Structure formats: C-alpha cells, structure tokens
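# Summary of the model geometry
Listed here are the chains, written in short residue letters.
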Amino acid sequence: MSDLFASVDALLNRAKPVSDLPMPEERVRLREAGEFTQDEVARALSTRRESVIRWEAGTTEPRPPKRAAYIRFLGSLAVAHGTAEPSDWLRLAQESGLVPTALPTPTETSSPTGMPVPAEPAASAPAAPANAPAVPAAFEGGDQTVVELDRTPAGDLLSADPAPCVRCGRPTPFRAAGQPVHMGAWCATVPTPPVAPEQPAPVVERHARVESAGPSHAALEALTRRPSIAVPVVPPADVQVAASRQAAAAAAPAVAPRRTSPSRKKAPAKKPAAAAASGPADWEQAAAARFPAGPLAVVDVAPDGKQLVAYLADGSPAATAPTVRTVAGVVEWALQAGLGQARLHRHGKDGDALVVVTDAALAELGLPPLGRDEKKEFVQRLGQLPKTHKAVKQIEKAGWLLTKRGLGPWARVYRTPEDGKRVCVQLCIPGWGALASGGWQISDTLDAQGLARLLGTYAARVLTPRGSTAVSGLELVTALRPPTKAARTEAGWESGPVEGSRPRDAFDPAPVEVPDVHPLAQGREPGGELVTEAWDWHRDLTAAEQAADWAVGLDVNMAFLAAAGRLTLPLSGPVHELNPAFDKAIPGSWLVDLSGVDTDPLLPSPFTADGSRPTGPAWYTTAKVAYAVELGAQVRPLEGWLRHEHGPYLDPWHKHLRAAYLDTMASLGVPADLDPVAFLDAMANVRSTGDPAELAVLTAIKQTAKGTIGKMRERPRGHGYKPGERWAALERPTWDPLMRALVIDTATVNLHRKLRRMAADTGLRAFAVLSDCAVFAAPGPGALDILTKPDGTISTALRLGVSPGMVKFEGSRPMAEIAELIADGANPARHIKTGGVVSADE
C-alpha cells in the first residue's frame with residue numbers, strides 16, 4: 001500500500017503548478033476591459049509593444065521584475081471587472097499582496113499615496129443634478145456590488161456623451177441599465193481629505209519599495225489610476241501593515257514632543273538607493289566622468305621639436321603629453337590622461353581611447369614611414385609590421401599585447417590586469433593609410449589640431465573611429481544594441497540577453513540568402529538565390545522627353561538610413577516553411593510569383609534590380625512581397641525562410657546617425673526648417689562656403705550609413721580563399737544578408753511609391769534611376785522645373801528638404817548629351833551630376 005501512495009505522490013509532484021498569470025485570452029480581455037492599449041502597457045512596464053503582444057499571445061512570459069508588475073496590473077483589473085476563468089492565479093496574486101482582495105468600501109478611498117483613508121462626508125461631494133434618474137438599488141446606500149455595464153452584442157462597452165454619475169455627480173461616459181455610472185461600480189473621483197503638513201515615514205518606505213522593484217510598479221499605478229477607469233491600487237501586504245500601525249499611532253492620545261537641542265539639525269532625507277540608480281542620466285554621467293580628457297588625442301611633435309604634444313578632441317592641447325617616446329609610453333599616457341568614450345547604452349561597453357599618431361611623431365616613437373622596403377619601412381600590402389620589429393618587441397616587453405591584426409594602420413594595444421577587466425588603447429596611423437580610404441576623405445594639408453577637431457566631431461556625433469567608416473558604423477550598431485547584460489540568478493550573476501538585440505552568438509542565414517561562395521550556397525540550384533541590389537535602370541526616351549531641353553536628377557538623402565527606421569528585422573535564425581501564409585509582419589525570404597503584378601511600364605519594376613518585369617517564381621524579401629500586396633496582388637508563397645523573433649533592431653542606429661547628419665548639415669548652413677527655395681539655395685553654396693572639416697565629417701557620416709549596410713553581407717577578402725570555406729565575418733552576430741536585403745528593398749519600395757505619386761502629381765516619369773537618384777525630362781535645369789505641378793504648387797511626392805528620406809537637387813545635363821549616353825548604353829543617372837564621369841556621390 002505504501003508503494004501505491006508513493007507512486008501517487010510522485011505523480012502529483014509532476015502536476016503542472018498553478019500559474020500566477022491568467023491564460024493569454026484572459027490577459028487580452030482584462031486589458032480591453034480596462035480600455036488600455038498595448039502601447040500604454042508597454043510604456044508603463046518599460047518594455048516594447050512587441051513584448052506585450054507576445055505575452056498576450058502566450059508565446060513568451062514576462063520575467064522579473066516585470067512579471068510581478070504585470071500580475072499587479074491584471075489582478076487589479078480582474079478585481080474590478082471579474083475573471084472569466086478559474087481564479088487560482090488571482091488568489092496567488094492576492095496572497096502575495098500584489099492585488100487587492102476586494103474593491104474599496106464607500107467609507108474609504110485611496111489617498112495619493114495609495115493608502116486607504118476615510119472618505120469625506122457625503123455632503124462634501126457634488127450633489128447629483130435635480131433631474132437625475134432614480135438611483136438603482138445596486139447603488140443605493142453606496143452598495144459596492146459590481147454592476148454589469150451596458151455592452152454591445154459583440155461585448156464592447158457602450159459609451160455616450162458624458163453625463164453626471166448617479167452616485168457622485170461627476171461626468172462619466174459609461175452606462176449601467178441605461179444610467180450613467182463610473183466603471184468598476186465605484187467612483188474614483190470621491191474627494192480625499194487634505195494631506196497633513198508632514199508626510200509620515202511609512203509613505204517614504206512605500207516609495208522606496210516601489211522603486212526597488214523597478215520603474216514598472218510606479219508607472220502601472222499611474223496607469224491604473226487614470227481618471228477614466230476606477231481600478232483600485234492596493235499596496236503590498238507589508239506596506240499595509242505599516243499603514244495600520246501609522247493609523248493606530250494617529251488614533252493614540254497626543255504625546256508632548258521631545259525637546260531637541262537647538263544646535264542639533266535634522267539630517268536631510270536620504271534618496272533611496274534604487275531611485276538614485278534608476279534614471280539613465282545617472283549611469284550616463286558616471287560613464288562620462290571616467291573619461292575627463294574626451295575620446296581621443298592626436299600626438300604630434302611640438303613646434304620646438306624637443307617634445308611631444310597631444311591635442312584633444314576639441315583641438316586644445318592636453319595638460320600633459322607623453323614623456324616616454326615609445327608606443328608603450330603613449331599607451332600608458334592615454335590611460336593616465338583619462339581618454340575614452342562613455343558607453344551609449346546602459347548595458348554596453350565604454351569605448352577605448354584613440355591615439356592618432358601624426359607623420360612627424362612616427363619617427364619619434366620608433367615607427368617607420370610608409371614604403372616598400374620590408375626591413376626599414378611599413379609595407380601597406382602586408383598590413384602590419386613584422387613581429388620581429390623593434391617597436392613590436394618594445395610593446396611586448398612593456399607587458400602589452402597586440403591583437404591578431406598586429407601593429408598596423410588601426411592597431412589595438414591591450415592588457416588584462418589582475419582584476420580581469422581588459423584595458424585597451426587604439427592607435428590610428430594616418431601615415432600608413434589609416435585615413436586615406438575606407439570612407440574617410442580628409443585633406444593631407446590638415447594640421448594636427450584640425451585633425452583632432454575633425455575626428456573629435458565625428459566621435460561626438462557618431463562614435464570614436466574604430467577603423468573604416470563601415471567598421472565604425474557596425475560598431476555603432478553593437479554599441480546601441482549590446483547583445484548581453486549582467487543578469488542576477490539564484491546562482492549569482494550571469495550573462496543574459498538584452499531585449500531587442502541579436503544574440504551574442506552568430507547564426508547562419510537561409511541558404512537562399514547567402515552569396516555564392518558561402519558554404520550553404522554550394523550545390524544550390526540556379527535561380528535559387530535571393531537577389532537584392534539597388535536599382536540600376538534606364539529606358540529609351542519618349543517623344544515628349546526627347547523634345548525637352550534638360551534632364552534633371554533628384555537624389556534621396558540617406559536613403560538606406562531612412563529605410564532602416566522602425567524596420568522589422570530578424571533577431572533569430574530562419575525557419576523553413578512550405579506554402580506559408582504571407583504575413584508582412586514577419587521578416588524573411590519568400591518564394592513567390594510576382595510576374596502578374598501590374599506596374600507602370602514607364603517606371604522600373606520594384607521587384608528586380610535591373611527594373612525589368614519578373615518572369616516567374618523567385619525569392620523576395622518581406623518588403624517586396626508586402627508592396628506587391630499593396631499594389632493589389634494576391635500572393636501565394638510556395639516556400640519561406642521566416643524569422644519569428646524580430647524587432648526594429650536598427651532603429652537606435654537610425655536615430656543616432658540621423659541626428660548626426662542633421663547636426664552636421666545645420667553646421668554647414670542647411671538647417672531642417674528651410675523652405676524648398678531656401679533649401680535649394682543653401683545646398684547650392686554648401687560645397688563652396690562650408691567648413692572643409694565639417695564637409696569631411698558629412699562625407700564620413702554618409703559613408704558610415706552606407707558602409708554599415710554593406711558590412712552585413714561582407715564577402716571574403718584576401719588571397720588564397722576557396723569557395724565553400726567559412727571566413728571571419730561570418731562569426732559576427734551582425735552578419736546577416738537578409739538585414740541588408742530588407743533595408744535595400746525598403747529603400748527601393750519607398751522610392752517607387754514616390755515615383756508613382758510624382759507621376760500622378762506632375763505627369764512626369766523618371767527615365768533613369770541609379771540607387772536613390774532619379775532623372776526626369778524638364779523644360780529647365782532646376783529642381784523646381786520638374787516639381788512644380790500644373791496648378792503652380794510644388795509637389796511633395798519627392799519632397800525637397802535636408803532630412804533623410806527627402807530629396808535634393810543632384811544635377812542637370814542638356815537632353816542632347818543624355819540622349820548620347822543612352823545610345824551608348826550608359827545609365828544617365830550615373831553621370832547626371834558631373835557629366836562624363838561617375839557621380840561623386842556614388
């Protein structure tokens with residue numbers, strides 16, 4: 001018999017424990033009953049709307065501390081609106097003190113601190129209107145029985161023009177039995193007694209407890225106590241005990257206060273530790289305080305030639321300069337001076353110090369000049385100094401290490417101290433070609449102070465340079481979306497994921513998305529690849545276009561950057577599905593036939609890189625398939641490689657670079673609030689009158705945006721690579737060809753949509769497009785010659801302005817010259833700016 005009982009006990013131990021959350025359907029019902037949106041709940045819980053959607057769908061569960069706050073929110077709504085399922089979860093929440101066990105009685109209400117306090121006499125409440133309807137029995141005498149509010153047959157709450165509540169006389173849009181009444185069968189607007197001059201101590205304790213649980217509890221209390229809904233908010237059990245003691249003390253006989261010495265002053269109240277660390281300004285200020293000297297310095301030889309001098313990011317000389325004339329000495333000085341950049345995200349990492357070594361300082365530090373002699377000079381082809389070089393030996397002797405890239409144009413010198421936190425300094429050596437390519441366009445005539453200001457401006461607006469502009473842009477993505485954070489568990493601290501970021505470990509994309517040299521592409525059938533490139537298209541001129549005098553080009557500002565804002569991107573690996581139902585909210589690759597989609601034959605097809613019409617089934621990203629649906633197509637995908645974990649991964653990167661671009665344009669005299677005519681005038685003079693350093697920063701920002709997207713599909717580099725082998729870039733979490741494809745396709749779709757509107761507004765159609773530049777036939781050489789509508793107003797289909805996504809004047813050429821280019825098979829959009837050579841912006 002004992003064995004049977006033991007078997008039953010073992011079986012019961014396997015039973016699923018009672019959840020402290022209601023079923024997903026009940027979560028949705030409670031939120032809608034309280035008339036809250038998913039956005040409001042997300043903001044109150046300091047999370048994203050996508051997380052609330054997943055919680056309500058049951059695909060994921062909230063984790064502490066958001067879980068307790070979410071239970072508190074749902075439980076309070078359940079008390080007010082009832083629960084449609086077994087309420088074990090509600091019982092658990094009430095036993096834990098998170099949720100009230102009943103609605104407040106008419107003799108009490110909630111004070112501003114959330115504690116029950118006696119209500120004022122009924123005479124103090126506004127009297128109901130004389131012509132008010134009779135009070136239903138359920139409301140007479142303040143009975144708090146929950147009354148069912150009037151609803152539509154579909155279950156939605158009925159509402160009407162606000163009318164005086166039959167209980168308190170305050171306006172309410174809701175009805176019960178046809179009579180106005182507040183939601184929840186009690187009135188949130190009952191007056192409360194005046195607050196005592198001195199707040200009691202337990203109130204401070206309660207606020208400290210709320211803050212210790214994170215911002216979610218306080219935000220949800222503010223949400224649930226919104227005047228339009230009367231959901232009671234009851235503090236946790238331990239706070240209620242403190243409140244009861246407070247009330248008992250208030251009821252006790254008055255005691256004469258203790259006399260204190262006049263010289264003894266009351267100590268100021270301490271700010272709760274949790275509250276002090278809750279705001280983002282605190283960690284930002286703490287991070288910035290660690291680097292008083294700024295992000296970088298340019299080391300040069302002083303004018304007297306006897307010592308080194310260091311110029312900081314603003315061009316001013318540092319208070320001290322390296323006294324030891326070796327690379328190791330410069331590295332030690334950079335750390336002692338406090339060089340570095342504060343992290344851009346709470347869970348990110350601080351940026352390493354950057355030291356730029358001028359050509360004059362090379363010899364002083366024992367570094368060779370650029371040349372071809374491997375024994376005496378730096379050979380750019382090799383990429384780094386030989387490990388046997390004297391300078392490399394000095395670095396190692398001083399206890400420092402070099403990364404695998406060695407001592408080259410962009411070198412990292414690091415050391416791991418005893419506390420385990422690695423310290424690192426990055427070197428930039430322009431004399432070895434560090435700033436001669438890779439998106440940097442910096443004049444050779446710039447002095448050390450000017451170079452410091454230029455790179456310092458880029459560091460302040462974007463990021464401390466980490467190499468090429470593309471590399472810096474990719475580092476910016478990770479700095480704004482760190483993959484991990486410190487998470488506390490029962491076993492201690494461990495690495496946990498950051499919501500909205502991609503995992504730390506890279507995952508392979510779908511076989512259809514990778515380039516042909518990728519291991520997954522080996523043996524792939526012809527035509528089985530997702531082809532995504534920017535437009536390169538032109539067509540023959542119509543008779544009307546041939547008769548025009550000019551061809552005018554308009555270029556979209558930062559088209560890829562504009563496309564990345566709020567764009568849904570993959571956060572997990574691909575899942576292969578057959579005959580999937582298309583969902584525009586899911587990023588992925590879809591095998592679908594779009595050859596039947598009708599588009600304007602005088603405009604490029606938005607579904608191919610060369611603008612030609614599709615001829616059969618092919619692989620397309622979600623962006624293009626969604627646009628086909630927008631154009632009226634009935635799509636039936638045959639296959640799909642889909643990402644069910646997704647989010648706006650590049651949105652912080654977009655916002656950061658957008659602000660950097662607009663700040664730089666404003667410094668060049670082109671602010672964002674100019675009208676179209678003033679904008680055209682300002683842009684016409686920006687190259688001739690603008691500060692050369694700011695122009696170099698502008699070019700670097702543009703190349704950062706474009707290069708970042710390109711890096712997401714970086715191909716193997718170097719000699720000796722064999723197709724089918726893995727290469728280093730594949731191990732980056734940000735290497736994902738689908739992300740690149742989605743950004744490019746979104747930019748293409750955005751431009752095609754604008755070209756359709758342009759044709760509707762002005763009757764003009766582009767006859768050539770190169771990436772984000774479109775060329776039109778025009779009677780004159782200016783942008784307004786093609787943007788002016790027949791009624792004399794300016795079209796906003798292609799809106800003139802400085803913001804990313806708007807357009808600027810790219811250039812114009814006589815139509816006779818354009819006709820010759822077309823006859824030779826050249827794309828006129830490639831030459832519209834400079835004539836016979838490729839556009840400088842390409």
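For clarity, every value in this text was computed on a predicted model and none was experimentally measured.

## Looking at the overall build of the protein chain
When you go through the protein chain residue by residue, the secondary structure sums to 25 helices and 26 strands. In the protein chain, buried positions account for 46% of the 842 residues. Sequence separation of at least 24 residues holds for 68% of the intrachain contacts in the protein chain that already meet a minimum separation of 6.

## Thoughts on the nonpolar core
If you look at the biggest cluster of nonpolar residues, it comprises 95 residues, and the most contacted ones within it are Leu435, Leu455, Leu650, Trp653, Ile701, Leu755 and Leu798. Residue contributions to this core peak at 10 residues, all from helix α23 (residues 737-762). Dropping the residues within four chain positions of it, Trp653 is found in contact with Gly473, Leu476, Val477, Leu480, Leu561, Ala564, Thr704, Ala705, Thr708 and Ile709. Ranked by size, the runner-up nonpolar core spans 35 residues in total, among them Leu312, Val330, Leu407 and Ile429.

## Things to note about the packing of aromatic side chains
Tallied over the entire structure, the rule returns 8 aromatic pairs. Centroid distance Phe378 to Trp432: 4.1 Å. Interplanar angle 5°. Geometry classified as stacked. Taken together, the residues Phe378 in strand β10 (residues 378-379) and Trp432 in the loop between β13 (423-428) and α15 (448-461) connect sequence positions 54 residues apart. Judged by relative accessible area, Phe378 falls into the buried class, the value being 0%. Centre to centre, the rings of Phe582 and Trp590 are 4.9 Å apart; their planes meet at 70°, and the pair counts as edge-to-face. Under the relative-accessibility criterion, Phe582 is labelled partly exposed at 22%. Taken together, the ring pairs connect Tyr721, Trp727 and Trp735 into an aromatic cluster. Across from the ring centre of Trp400, 3.9 Å away, lies the NZ or CZ of Arg415, which sits over that ring. Sitting over the face of the ring of Tyr414, Arg422 holds its NZ or CZ atom 4.8 Å from the ring centroid.

## A word on the sheet that holds strand β8 (residues 353-357)
The strand order across the open sheet built from 6 strands is β7-β6-β8-β13-β12-β11, with neighbouring strands paired in mixed fashion. A strand with exactly one partner marks an edge of an open sheet, and here the two such strands are β7 (308-312) and β11 (401-402). Note: β8 against β13, 4 bridges, orientation parallel. In the sheet register, Val355 faces β13, and the bridge partner there is Leu427. Along the sheet, α15 makes contact with β6 (296-301), β7 and β8, crossing β6 at roughly 170°.

## Structural notes on the packing of helix α2 (residues 24-33) against helix α5 (residues 66-81)
It is at 9 Å that the axes of α2 and α5 come closest, and there the two elements cross at 65°. In terms of orientation, α2 lies roughly perpendicular with respect to α5. Two packed elements cross with a definite hand, and for α2 against α5 that hand is left-handed. For the pair α2 and α5, the contacting residues are Arg27, Arg29, Leu30, Arg31 and Ala33 in the first and Tyr70, Leu74, Leu77, Ala78 and His81 in the second. Among the residues forming the contact of α2 with α5, the class breakdown is 6 nonpolar, 1 polar and 3 charged.

## Overview of the sheet that holds strand β16 (residues 536-538)
Strand order in the open sheet made by the 5 strands is β16-β24-β25-β17-β26, with antiparallel pairing throughout. In the strand order of this sheet, the two ends are held by β16 and β26 (807-814), each with one partner. Averaged over neighbouring strand pairs, the angle between their axes works out to 20° when direction is ignored. Most of the contacts of α23 go to strand β25 (residues 773-778), to which it runs at about 15°, and overall it touches β17 (550-556), β24 (768-770) and β25. Against the sheet, helix α25 (residues 815-823) touches β16, β17, β25 and β26, its axis set at about 85° to β26.

## Topic: the pairing of β13
The two faces of a sheet get side chains in turn, since along a regular strand they alternate between them. With respect to burial, β13 is a largely interior element, 5 of its 6 residues being buried. Pairing analysis gives 6 bridges linking strand β12 (residues 410-415) to β13, with the strands arranged antiparallel. The partner of Val413 across the bridge, within β13, is Val425.

## With respect to the side chain of Gln38
On the secondary structure map, Gln38 appears in helix α3 (residues 38-44). On the basis of relative accessibility, which here comes to 17%, the residue Gln38 falls in the buried class. Sequence-distant contacts of Gln38, defined by excluding residues within four places in its chain, comprise Arg31, Arg49, Val52, Ile53 and Glu56.

## Considerations on the packing of α15 against helix α22 (residues 692-711)
Where α15 meets α22, the closest approach of the two axes is 9 Å, and the angle between their N-to-C directions is 45°. Between α15 and α22, the interaxial angle falls into the category oblique. For α15 against α22, the interelement crossing comes out right-handed. Within the contact between the two elements, α15 uses Leu454, Thr457, Tyr458 and Arg461 and α22 uses Ala693, Glu694, Ala696, Val697, Ala700, Ile701 and Thr704. Residues belonging to the contact of α15 with α22 are distributed by class as follows: 7 nonpolar, 2 polar and 2 charged.

## Some thoughts on α2
Taken as a whole, α2 has its buried residues at Pro24, Glu26, Arg27, Leu30, Arg31 and Ala33. Looking one or two residues past α2, Glu35 carries a phi angle of roughly 60°, positive in sign.

Criteria and thresholds
Residues numbered from 1 in each chain as written. Predicted model: local features only at pLDDT ≥ 70, side-chain atom pairs only at ≥ 80, totals over all residues. Heavy atoms only, no water. Helix = DSSP H or I, 4+ residues; strand = E, 2+ residues; numbered from the N terminus. Buried < 20%, exposed > 50% of the residue type's maximum accessible area, 1.4 Å probe, protein only. Contact = heavy atoms within 4.5 Å. Core = buried A, V, L, I, M, F, W, Y, C linked by side-chain atoms within 4.5 Å. Phe/Tyr/Trp six-rings, centres within 6.5 Å; stacked < 30°, edge-to-face > 60°. Lys NZ or Arg CZ within 6 Å of the ring centre and 35° of its normal. Pairing = 2+ DSSP bridges. Axes fitted to C-alpha atoms, helices over the stretch in contact; angles between N-to-C directions. Parallel < 35°, antiparallel > 145°, perpendicular 65-115°, else oblique. Left-handed = near helix turned anticlockwise from the far one by under 90°. Nonpolar A, V, L, I, M, F, W, Y, C, P; charged D, E, K, R; others polar.

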